[in-house]
Amino acid sequence: MALGRTYSVALVGLNGYIVEVEADIGQTLPAFVILGLPDAALNEAKERIRSAAQNSGIPLSRRKITANLIPASLPKRGSGFDLAIAMAVLRAANDIRSTGRTVFIAELGLDGRLRPVRGILPAVMAAVRAGYPEVVVARANMAEAQLVPGARVRGYTTLARLAFDCGADPQDLALDFEPEADDAGCPETGAGSALAPDMCDVSGQGPARRALEVAAAGAHHLLLTGPPGAGKTMLAERLPGLLPDLGDTEAMEVTAIHSLCALPSGSVQLLRRPPYENPHHTATAVAIIGGGSGLPRPGAASRAHRGVLFLDEAPEYDRGVLDALRQPLESGELVIHRSAGSAAYPARFQLVLAANPCPCGKATGKGVDCVCTPTMRRRYQSRMSGPLLDRVDIQLEVERVSLAGFGQPAAEEATASIAERVRAARNRQLDRLLGFGLETNAQVPGRLLRGVLRLDAATTRILDYALERGVLTARGYDRVLRLSWTLADLSGRDVPDADDVGQALGLRQAAAASP
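- Looking at an unreviewed UniProt entry, the protein carries the name Magnesium chelatase family protein, with the source organism given as Arthrobacter oryzae.
- Quoted straight from UniProt, the Sequence similarities (unreviewed entry) entry for the protein says "Belongs to the Mg-chelatase subunits D/I family. ComM subfamily."

What follows is the structure in structure tokens.
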């Protein structure tokens, strides 16, 4: 008997590694052994492969079959290795000819059908980067795999049809087998027919609308504090509509993350719009940051990469969950360590927090009675730690809508016109920052703000005074400078002036200064 060899991909986070699958058929008693740190789902592949081959008309040898997945020290998980192991075993038995450097990624059903798996996009990306552009997947995953530039993808519905194309004897194959339905025909979600939230729906709230525009233009984090019903959630839901479309590289990054999280039978298309994640305040750290048993999986923070992560009723979240966001807010990446290994996921999102001024929500200083004691208010607000809030660029109080500003949505500016100004401001930033490897003002480090982008002393006088009085931290000082550059970009100026700095300082201190 010959040694069979095929290839597949093991994913650790978004990073994929080529796995060489060897199969050997020995001369001893019947057995099927899989080596190379398989998890439970991969160990169960033995029965799936044996039944799939039998029902496809190419039963496996009754001798001992040994499948080895190289490198042996890399943990392997999931059912995506089924097809590669099956093809290696068939090659070892000389039932098919050599498949060369083709990569196989699919789960097998007992009836011989090829089933879709999660993470096809990052897996195919890894295969192409490693020099293995020939990829075979389940037909339901074919459209997603074809998103990868340079990949030569073939999609199959059954193992029998694939074996036929690889040289198996057609007289033995169950080629007349017809699956019940082609999984590639999964219906679309229908989200495209829904009306997208528009800024013209928000009545009044001029300062909050302006703050949202500034946040979108510079990719700044945002805290909205105000009573229930003031429109905080409405504003946050409309922020993604103000953001520009994702470029090719960004779209592939975002789609790869969502490919890992989608249902195996789901249809994943290239995501051109920034994502929006709104987890419930009862969500755990694993749900938001990522993790789980075995190799960690991405959470809401990574699914919001290049988009918006909105935490409504922020003080109701567990404080540990909120503080866990401090690292990705600075680095744009989440590295999660577990006993089975570590995984790194991108997490460069815009954080939007919404909070009431107190537990009852009535402490607005507008003549409305509040039933909360000062201690209750302090305890409520302290659930959002100072170090977390210090990383939030814009902190604004959203007031109740008055009767004069209510009920006239047609008079408000629509998302499209605001998004055009945001797009122009982003282009100015890109022209200025591209040489430094940056894209938005929110990414500018302090060394540049105090170096080549340094403003003169007359422009930053009010900011220097706030720092001397202890009103601002050094981190807060830099964040106000970034806001100043965004305000200048929105106004079409090359350099911020003193008014921009003053407005930026007001945007950061508005919530803190409110009663």
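Alright, that's what it looks like, and here's the rest.
A short note on the overall build of the protein
Logical step 1: When helices and strands are tallied, the protein shows 20 helices and 18 strands.
Logical step 2: Its C-alpha atoms give the protein principal-axis dimensions of about 85 × 50 × 45 Å.
Logical step 3: Counting the 515 residues in the protein, one finds 49% classified as buried.
Logical step 4: Counting only contacts in the protein whose residues sit at least 6 apart along the sequence, the fraction spanning at least 24 positions is 73%.
Logical step 5: Accessible area for the protein stands at about 22600 Å²; split by element, carbon and sulfur atoms hold 52% of it.
Logical step 6: Positive and negative charge centroids in the protein, built from 56 and 56 side chains respectively, lie 5 Å apart.

Quick notes on unusual backbone geometry
Logical step 1: In this structure, Pro 71 follows Ile 70 across a cis peptide bond, with omega equal to 5°.
Logical step 2: Tracing the backbone shows Pro 71 in the loop between β4 (64–70) and α3 (82–92).
Logical step 3: Positioned with a positive phi, Ala 219 is a non-glycine residue whose angle comes to about 60°.
Logical step 4: Here Ala 219 lies in the loop between α7 (206–218) and β10 (222–225).
Logical step 5: Among the residues examined, Ala 219 registers a relative accessible area of 16% and is labelled buried.
Logical step 6: Its identity as a non-glycine residue notwithstanding, Glu 313 has a phi of 50°, on the positive side.
Logical step 7: By the secondary structure assignment, Glu 313 is in the loop between β14 (308–311) and α12 (319–323).
Logical step 8: Judged by relative accessible area, Glu 313 falls into the partly exposed class, the value being 27%.

Description of the side chain of Ser 259
Logical step 1: Here Ser 259 lies in helix α9 (residues 248–261).
Logical step 2: The class of Ser 259 is buried, set by a relative accessible area of 2%.
Logical step 3: Not counting residues up to four positions away in its chain, the partners in contact with Ser 259 are Arg 118, Gly 119, Ile 120, Leu 121, Pro 122, Glu 144 and Val 268.

A short note on helix α4 (residues 120–129)
Logical step 1: Counting buried residues along α4, eight of its 10 residues qualify, which places the element largely inside the surrounding structure.
Logical step 2: Listed in full, the buried residues belonging to α4 are Ile 120, Leu 121, Pro 122, Ala 123, Val 124, Met 125, Ala 126 and Ala 127.

A look at the packing of aromatic side chains
Logical step 1: The final tally for this structure, using the stated rule, is two aromatic pairs.
Logical step 2: With a centroid separation of 6.5 Å and an interplanar angle of 25°, the aromatic rings of Tyr 276 and Phe 310 are classed as stacked. Of this pair, Tyr 276 sits in strand β11 (residues 276–277) while Phe 310 sits in strand β14, placing them 34 residues apart in sequence.
Logical step 3: A cation over a ring is seen here: Arg 101 above Tyr 132, with NZ or CZ 4.0 Å from the ring centre.

Focus: helix α8 (residues 232–242)
Logical step 1: Listed in full, the buried residues belonging to α8 are Lys 232, Leu 235, Ala 236, Arg 238, Leu 239, Pro 240 and Leu 242.
Logical step 2: In the core, the buried residues of α8 are packed alongside α7, β10, β11, β14, β17 (350–355) and α16 (415–433).

Quick look at the domain arrangement of the protein
Logical step 1: Its domain assignment divides the protein into domain 1 (3–166), domain 2 (221–392) and domain 3 (406–514).
Logical step 2: One C-alpha centre belongs to domain 1, the other to domain 2, and the line joining them spans 38 Å.
Logical step 3: Taken residue by residue, the interface counts 19 residues in domain 1 and 24 residues in domain 2.
Logical step 4: Taking both sides of the interface into account, the surface hidden between domain 1 and domain 2 amounts to around 1600 Å²; carbon and sulfur atoms contribute 66%.
Logical step 5: Considering only the surface of domain 1 that becomes buried against domain 2, Leu 14, Arg 77 and Arg 118 emerge as the three largest contributors, covering 37% of it.

A short note on the packing of α7 against α8
Logical step 1: Where α7 meets α8, the closest approach of the two axes is 10 Å, and the angle between their N-to-C directions is 40°. With respect to α8, the element α7 is oriented oblique. Relative to α8, α7 is oriented so that their crossing is right-handed. The residues of α8 that touch α7, namely those facing Ala 208, Arg 209, Leu 212, Glu 213 and Ala 216, are Leu 235, Arg 238, Leu 239 and Leu 242.
Logical step 2: Within the contact of α7 with α8, the residues separate by chemical class into six nonpolar, no polar and three charged.

Analysis parameters
- Residues numbered from 1 in each chain as written.
- Predicted model: local features only at pLDDT ≥ 70, side-chain atom pairs only at ≥ 80, totals over all residues.
- Heavy atoms only, no water.
- UniProt positions renumbered as here; feature names shortened; annotations may be inferred.
- Helix = DSSP H or I, 4+ residues; strand = E, 2+ residues; numbered from the N terminus.
- Buried < 20%, exposed > 50% of the residue type's maximum accessible area, 1.4 Å probe, protein only.
- Contact = heavy atoms within 4.5 Å.
- Areas by Shrake-Rupley, 256 points an atom, 1.4 Å probe, with all protein chains shown as cover.
- Lys, Arg positive; Asp, Glu negative; His and termini not counted.
- Charge placed at Lys NZ, Arg CZ, Asp CG, Glu CD.
- Phe/Tyr/Trp six-rings, centres within 6.5 Å; stacked < 30°, edge-to-face > 60°.
- Lys NZ or Arg CZ within 6 Å of the ring centre and 35° of its normal.
- Domains from an automatic or database assignment.
- Buried area = accessible area lost by both parts, 1.4 Å probe.
- Axes fitted to C-alpha atoms, helices over the stretch in contact; angles between N-to-C directions.
- Parallel < 35°, antiparallel > 145°, perpendicular 65-115°, else oblique.
- Left-handed = near helix turned anticlockwise from the far one by under 90°.
- Nonpolar A, V, L, I, M, F, W, Y, C, P; charged D, E, K, R; others polar.

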